[in-house]
Amino acid sequence: MLQRPIIVLIRRIWVLGIIIVFIITLIGAGSIKLTSVISSSLINKVIVIDPGHGGADPGAKNSGLQEKDINLDISLRLRDSLKSKGCIVILTREVDKDFYLPGYVLGRMAKRAELDQRINIATDKNADLFISVHTNSFPRPNTYGMETYYHLKSYPGKVLAELIQKQLTQLQSDNKRKSKAGDYYLINQSKMPAVIVEVGFISNPRERNLLMSNNYRDSIAEAIGTGIEHYFDNFPQGLRESIQTVSQEGPPSNSEDTYKVYFPSSDLDNLVPEDRYINRSVWSKLTLYQKSNLVLNELIQGPLTVTSTRTIAPKTKILSLTIQNGVAIIDFSKDIRDDFPGGALVEDITIKSIVWTMTQLPGINGVSILINGEYGDSIGGHILLDHTFPIQS
Ligand SMILES: [Zn+2]
């Protein structure tokens, strides 16, 4: 009678042992599964990274630094970081080269063909994301800050830009810049969510010094990579284009005795209107053409306040101005391009300042910009002037 409880006990220990082994196996399998879930949002995602400029096109320059070199170096670091997380990464260029068609480095079609080649790589590879890396420069040395751009109509692009911006801002706690919609040819033409990352201003002494250090370049690459990772955590399927228009404010119409001239704020973060007063009876007698000419000349002359800045070269001339079907067609002298002071961010805000200043006039709903008689050129090489810019751009 004594033996039975012992047998039962032994049996119980056996059963218990089997259960424990079973539980350990479960936990083991579970934890393996858990870790693969955490990193799997990036596995086999195809990311095309585009180091901006290259070869014959150095991009922005300052104190011996060239934008093309910084863009490439940070892109290579980003490639390594993303590859280690399981992505398939393709660079549009891995060396110092450009994509100009042979014999077409200059001229209005050159830049478009150059950018098209970069976009084609992303299309051919069926990329999930397209990331173009750029560096800024501006004559005012105190302007600084990393920034991201997305296409106005791309909701996934906006999310991606915001997530990357959030990570970049953690490297730069005093950076108040937010991701913005921008009218850049690269992100306009890409078939997949696309973002331009501006890694900082080589014209700002502090940021230039940081940008020269390997550690800082690594942290930028890490930050962009983490932003991309968070994007795929939100959209595991890799959301494709383009769902929703993100609203953006435009200029208010002018009142009867003032008009406004929109200048970039000195941190290049937004447009600030400056009022210009004019006798109401004089203003009311002006034709739309005369009003347009007046406000445009004020814009070229530059701001009166020190908190705003000039981005149109002062020698720029208006070669012609016509208004057709509500579109102001402005032909600027080539100074606007040849003496252009900055990178992509400056280019974007320069065009916005022209568009906002012109479209405040009732009767003007859009602006077309020519340079030296040519349509489709570019002021700084990121935005092609091959379309009419509507009020909200
Ligand atoms: Zn650039």
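Keep in mind the model is a prediction, meaning the values are calculated, not measured.

Caption draft 1: Broad picture of the overall build of the protein. When you go through the protein residue by residue, the secondary structure sums to 11 helices and 15 strands. Within the protein, the proportion of its 393 residues that are buried is 51%. Long-range contacts, defined as pairs at least 24 residues apart, comprise 74% of the intrachain contacts of the protein with a sequence gap of at least 6. If you sum the accessible surface of the protein, you get close to 18300 Å²; carbon and sulfur atoms cover 57% of it.

Caption draft 2: How the structure looks around helix H2 (residues 67-84). With 18 residues, H2 extends 26 Å between its outermost C-alpha atoms, agreeing within 8% with the 26 Å of an ideal straight helix rising 1.5 Å per residue. Among the residues trailing H2, Gly86 stands out with phi positive, at a value near 105°.

Caption draft 3: Seen up close, the coordination of the zinc ion. With distances of 2.1 to 2.3 Å, the protein atoms coordinating the zinc ion are His53 (NE2), Glu67 (OE), His134 (ND1) and His382 (NE2). Using a relative accessible area of 3% as the deciding quantity, one classes His134 as buried.

Caption draft 4: Summary view of the packing of helix H9 (residues 288-301) against helix H11 (residues 344-359). For the pair H9 and H11, interaxial distance at closest approach is 9 Å and the crossing angle is 150°. Comparing their axes, H11 and H9 come out roughly antiparallel. Crossing angle aside, the handedness with which H9 passes H11 is right-handed. Residues Ser292, Val295, Leu296 and Leu299 of H9 touch H11, and the partners they reach there are Ser353, Ile354, Thr357 and Met358. Looking at the contact of H9 with H11 residue by residue, the class counts come to 5 nonpolar, 3 polar and no charged.

Caption draft 5: Focus on the sheet that holds strand E5 (residues 129-136). Within the open sheet, the 6 strands sit side by side as E4-E1-E5-E8-E6-E7. Their pairing is mixed. At either margin of the open sheet sits one strand with a lone partner, and together these are strand E4 (88-91) and strand E7 (180-181). By the bridge criterion, 6 bridges tie E5 to strand E8 (residues 194-201) in an arrangement that is parallel. Bridge assignment links His134 to a residue of E8, and that residue is Glu198.

Caption draft 6: Representation of the nonpolar core. Membership of the largest hydrophobic core comes to 56 residues, with the highest contact counts inside it found for Ile330, Phe332, Ile351, Ile354, Met358 and Ile369. In terms of residue count, H11 provides more of this core than any other element does, 9 residues in total. Split by domain, this core shows at least three residues from each of two domains, domain 1 (43-234) and domain 2 (258-390). Ile330 has contacts with Leu296, Ile318, Ser320, Leu321, Ile354, Met358, Val367, Ser368, Ile369 and Leu370, leaving out every residue within four places of it along the chain. Ranked by size, the runner-up nonpolar core spans 38 residues in total, among them Val159, Ala161, Leu163 and Ile224.

Conventions and cut-offs
Residues numbered from 1 in each chain as written. Predicted model: local features only at pLDDT ≥ 70, side-chain atom pairs only at ≥ 80, totals over all residues. Heavy atoms only, no water. Helix = DSSP H or I, 4+ residues; strand = E, 2+ residues; numbered from the N terminus. Buried < 20%, exposed > 50% of the residue type's maximum accessible area, 1.4 Å probe, protein only. Contact = heavy atoms within 4.5 Å. Areas by Shrake-Rupley, 256 points an atom, 1.4 Å probe, with all protein chains shown as cover. Expected span 1.5 Å × (residues − 1). Donors = N, O, S within 2.8 Å, 3.2 Å for Na, K, Ca; no water. Axes fitted to C-alpha atoms, helices over the stretch in contact; angles between N-to-C directions. Parallel < 35°, antiparallel > 145°, perpendicular 65-115°, else oblique. Left-handed = near helix turned anticlockwise from the far one by under 90°. Nonpolar A, V, L, I, M, F, W, Y, C, P; charged D, E, K, R; others polar. Pairing = 2+ DSSP bridges. Core = buried A, V, L, I, M, F, W, Y, C linked by side-chain atoms within 4.5 Å. Domains from an automatic or database assignment.

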